Amino acid sequence: MTRPDLLALTPDALAALANRGLVKRAVKDLDAGVVPVLDTDPDGAVRGRFPDGTTTTLPLGASLDAAGCGCGAAGVCRHRIAVVLAYQRTRESSAPAAPWSPGAVTDDDLAGLMGERTLRRARRVLQAGYRAKLRRPTAEDATAQAELPTCTVTFLVPDDLSYVHTDAVNRDEATALAVWAFREADARGVDVVDVGGSPTTATDLTAVTDLLDQLLLDGAANASEVLDVAWRRLHRDLTAQRLHWPAAVIAELLDQLAAYRGRTADYRAERFAALLTELHARSTANGPRAEVLGPDEPAETPLRRVRLTALGARLRSGSAADVYFASGDVVLVQRATPLRAGRLLAASNVVSESATRSASRAVTLKTGRVAKTSLTPVGTSWDDLPRALVVDDCATAAARLAELPPRQVRARVEAELVRVVRVAAVSDLAYDPAAQRLTATLHDPTGASCVLEATHRAVAPQSLDALAAALHADPTAVTGSVRRHRGALVVDPLAVRTRAGVVVPDLATDTAPQPLPLGVTAVDPLSATVDSALTVLAEAAHRGLEHLTDGLLARLRELGDHLRGTGLRTAAAHVTAFADDPSAATWLGAHLRLLVTADAR
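All figures in this text were calculated on a predicted structure; none of them were measured in a lab.

From N to C terminus, the chain includes 19 helices and 25 strands. Against the compact-globule benchmark of 25 Å for 601 residues, the chain has a radius of gyration of 27 Å, which places it among compact chains. Summarising its shape, the C-alpha atoms of the chain cover approximately 90 × 60 × 45 Å along the three principal directions. When burial is assessed residue by residue, the chain has 49% of its 601 residues classed as buried. Only carbon and sulfur atoms are counted for the fraction: they give 52% of the accessible area of the chain, which is about 27000 Å². Averaging the coordinates of the 67 positive side-chain charges in the chain and doing the same for the 71 negative ones gives two points 4 Å apart.

Here it is in structure tokens:
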């Protein structure tokens, strides 16, 4: 009897079930002659007897961690992996897997696997609705994967739910949600799907309107701390309703107000204005609940066992950094990581059984006495990242960014656009002293190119020198947040991999100053006009609509004329309408239009 499930387990699938180190050790043992003697029972169980007397049995229909092994290991061990690999070596190469989808699994199959009680819990999430991003099986990779709001589910073996891998604690519930996502996507012929639930309506967040109007009238400069109590009450109510995205906007708004009152550098008028507009957009938009307001999931979900590959870090203060990790097809970020821990994590592979993940893809690695977390150097792990996180063709990546919905109503996830850009060559490295900006052209393996831009920040004074040194050292990959500008891909770097290893510029120390050719950043008149209008509108929100000056309104009318002259007639009409009738409604309409216009550039 042949075991197609064992033949379908690729090295990557085995690494997902255990870890890559165990797979490499099992391969090394087999190559060295430590090969188990195999036999297959009539019921399909494969048994392997090792030279040291250890016996491992892989029953039909059972996962590897449920298989019996004489070594006593509770989870997947090298013996179990070695039996799978040895079995594969004794069989002819299997034919390519037939097309399949987890959506073919029936609810009866799910009930038989997990029981009706677990299935009822999953159906409650289905009723609320959620968004899933799917990766379908191919001829080269027969695995299927569903990225859910708080976890990723991978089907490692076609048509076999015994081999489902997820980092969620509630494995069976996550499996059901992934199956339903594939079923819905198969029916629609799409790869990103909103499952269950119902569209949001403009009445979902009507409680926001009065507070938003009052804050716009007062502005950050004149907002009363008494109003903060009402904002905190609203934040608490939205959190209880699991409306994560508007709740997160309110939390950030309160942080901006506190920063202004404390006269700290964390306050930015442009950011304050953008948050006001985003809150308005989410309170009035029609669309899938999970996308506009947030998934009906807990604010945080514990992870059973998570494997993370560090993608670099961004220093936020003199004592804390944000560290970015690849986890399957998504990027997670640990905010405000203490600097000492950040230096250890920012270029490491992390395996943790003491982590939580939020709906916005923030991850928390616990470091208590009972926490189980291990670190190893990142090494060549960037070579094995999922295709979804890798940019091999800059032109294609830029085109995909252009297809995204406006960020004001997109799912509010952390590090949404952090990617690994493959680099074949670097050219045009230059420094603009006026803008304090380092730029370079990165050429990808296809011959296309993108622009790297990094601006000096006082919190990381040696960052640009460390970045320049890494770009001179024949880099092979750059990680960073990507965006689209004038049709081209732009990368704000987090880390650079050279032949000597991974460089995290923000965390670099003792870097010698790098001589750089001087350059001047080209100014796009259209973008400059849009940016100027956004700046003046942000100033209006900062002062408060009840405290505007005639000079500011005159400046807006002038900018409206400039926008009209560049062909942006709708944006010009909105700006002029606000200048003629300064109200919360006209300000929100003008600012939202300009934000969307700026992002589309």
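W231, F272, L276, L556, F578, W587 and L594 are the most contacted members of the largest nonpolar core, which has 58 residues in total. At the level of secondary structure, the elements contributing two or more residues to this core comprise α8 (206-218), α9 (225-240), α10 (244-261), α11 (269-284), α16 (525-543), α17 (550-565), α18 (569-580) and α19 (584-600). In this structure, F578 is in contact with L537, A540, L545, L548, L553, L556, S583, T586 and W587, ignoring residues within four places of it in sequence. L303, V306, A355 and V390 belong to the second-largest nonpolar core, a separate cluster that totals 37 residues.

With that settled, consider the confidence of the model for the chain. Scored by pLDDT, the chain has a mean of 89; 96% of the residues are at 70 or more. The secondary-structure element of the chain with the lowest mean pLDDT is helix α12 (residues 289-292), recorded at 81, while strand β19 (residues 418-422) shows the highest, at 97. Confidence drops under a pLDDT of 50 for residues 200-204, and excluding neighbours within four residues, the segment shows 13 contacts in the predicted structure.

Of note, A336 is a non-glycine position whose phi angle comes to about 50°, a positive value. With respect to the secondary-structure elements, A336 resides in strand β13 (residues 330-338). The exposed category is assigned to A336, whose relative accessible area is 55%.

Before going further, it helps to spend a moment on the pattern of salt bridges. Side chains that differ in sign of charge can pair as their charged atoms come close. Counted according to the given criterion, the structure contains 40 salt bridges. Among the ionic pairs, E173 bridges to R121, the shortest N-O distance being 3.4 Å. One end of the pair, E173, is in helix α7 (residues 171-188); the other, R121, is in helix α6 (residues 116-128), and 52 residues separate them in sequence. You can call E173 buried: its relative accessible area is 13%. Taken together, the salt bridges that share partners define one network made up of E252, R271, E278, R282 and R412.

What follows concerns the side chain of T277. Position of T277 among the secondary structure elements: in helix α11. Residue classification places T277 among the buried residues on the basis of a relative accessible area of 0%. Among all residues touching T277, those that are not within four sequence positions of it are W587, L588, H591, L592 and L595.

Here the structure, examined in full by the defined rule, presents one cavity of 30 Å³ or more. Estimates place the volume of the largest cavity at around 40 Å³. Of all elements in the fold, only α3 (20-31) and α4 (78-89) reach the threshold of two or more residues within the lining of the largest cavity. If you tally residues by element for the lining of the largest cavity, the top one is α4, at three residues.

Turning our eyes to something else, we now look at the sheet that holds strand β1 (residues 37-40). Within a sheet, neighbouring strands are paired by backbone hydrogen bonds and run either parallel or antiparallel to one another. Strand order in the open sheet formed by four strands is β1-β2-β3-β4, with antiparallel pairing between adjacent strands. Of all strands in the sheet, those with a lone pairing partner are β1 and β4 (68-69), marking the two edges. Looking at chain direction, β1 and strand β2 (residues 46-49) are connected through four bridges and run antiparallel. Bridge pairing in β2 links D39 to R47. Helix-sheet contacts for α4 involve β1, β2, β3 (55-58) and β4, and the interaxial angle to β3 is about 65°.

Moving on, we come to the environment of V496. Within the secondary structure, V496 sits in strand β24 (residues 488-498). The spacing of V496 and G70 is 426 residues in sequence and 45 Å in space, taken between C-alpha atoms. When sequence neighbours within four positions are dropped, the list of residues in contact with V496 reads W382, L467, A470, P475, A477, V478, G501, V502 and V503.

Under the counting rule described, the total for this entry stands at three aromatic pairs. For the pair F155 and F182, a centre-to-centre distance of 6.1 Å together with 85° between the ring planes defines the contact as edge-to-face. Placement of the pair is F155 in strand β7 (residues 152-155) and F182 in helix α7, with a sequence separation of 27 residues. Using a relative accessible area of 1% as the deciding quantity, one classes F155 as buried. Judged by relative accessible area, F182 falls into the buried class, the value being 0%. Aromatic rings pair up to connect Y260, Y267 and F272 into one cluster. A cation sits over an aromatic face here: R263 above Y260, 4.5 Å from the ring centre.

A few words now on the environment of L568. Tracing the backbone through its elements, the reader meets L568 in the loop between α17 and α18. Along the chain, L568 and T239 lie 329 residues apart, while their C-alpha atoms are 39 Å from each other. Apart from the residues lying within four places of it in its own chain, the contact partners of L568 are L526, V530, L563 and T597.

Evaluation of the coordinates by the stated rule reveals zero disulfides. Of the cysteine sulfurs around C69, a residue in no disulfide, the closest is that of C71, at 3.4 Å. A relative accessible area of 14% means that C69 is categorised as buried. Here C394 stays free of any disulfide, with the sulfur of C450 as its closest cysteine sulfur at 3.6 Å. In this structure C394 comes out as buried when scored by relative accessible area, which is 1%.

On to the environment of W100, then. Positionally, W100 belongs in the loop between α4 and α5 (107-114). Under the relative-accessibility criterion, W100 is labelled buried at 11%. Among residues more than four places away in sequence, those in contact with W100 are P137, A142, A144, F155, V157, P158 and D159. In this structure the side chain of W100 is engaged in a polar contact, spanning 2.9 Å, whose partner is the backbone oxygen of A142.

Glancing now at the packing of α8 against α11. Running from N to C, α8 and α11 point in directions that differ by 155°, and their axes come no closer than 10 Å. With respect to their mutual orientation, α8 and α11 come out roughly antiparallel. With respect to the hand of their crossing, α8 and α11 are arranged in left-handed fashion. Of the residues in α11, those in contact with V208, L212, L215 and L216 of α8 are F272, L276, L279 and H280.

About the cut-offs
Residues numbered from 1 in each chain as written. Predicted model: local features only at pLDDT ≥ 70, side-chain atom pairs only at ≥ 80, totals over all residues. Heavy atoms only, no water. Helix = DSSP H or I, 4+ residues; strand = E, 2+ residues; numbered from the N terminus. Rg over C-alpha atoms; globule rule 2.2 N^0.38 Å. Buried < 20%, exposed > 50% of the residue type's maximum accessible area, 1.4 Å probe, protein only. Areas by Shrake-Rupley, 256 points an atom, 1.4 Å probe, with all protein chains shown as cover. Lys, Arg positive; Asp, Glu negative; His and termini not counted. Charge placed at Lys NZ, Arg CZ, Asp CG, Glu CD. Core = buried A, V, L, I, M, F, W, Y, C linked by side-chain atoms within 4.5 Å. Contact = heavy atoms within 4.5 Å. pLDDT = per-residue confidence, 0-100. Salt bridge = Lys/Arg side-chain N within 4 Å of Asp/Glu carboxyl O. 1 Å grid on protein atoms, 1.4 Å probe; cavity = no way out; pocket = protein on both sides within 12 Å on 5 of 7 lines; lining within 4 Å. Points joined across faces, edges and corners; volume = space filled by probe spheres on them. Pairing = 2+ DSSP bridges. Axes fitted to C-alpha atoms, helices over the stretch in contact; angles between N-to-C directions. Phe/Tyr/Trp six-rings, centres within 6.5 Å; stacked < 30°, edge-to-face > 60°. Lys NZ or Arg CZ within 6 Å of the ring centre and 35° of its normal. Disulfide = S-S within 2.5 Å. Polar contact = N/O pair within 3.5 Å; in protein donor to acceptor, adjacent residues only side chain to side chain. Parallel < 35°, antiparallel > 145°, perpendicular 65-115°, else oblique. Left-handed = near helix turned anticlockwise from the far one by under 90°.

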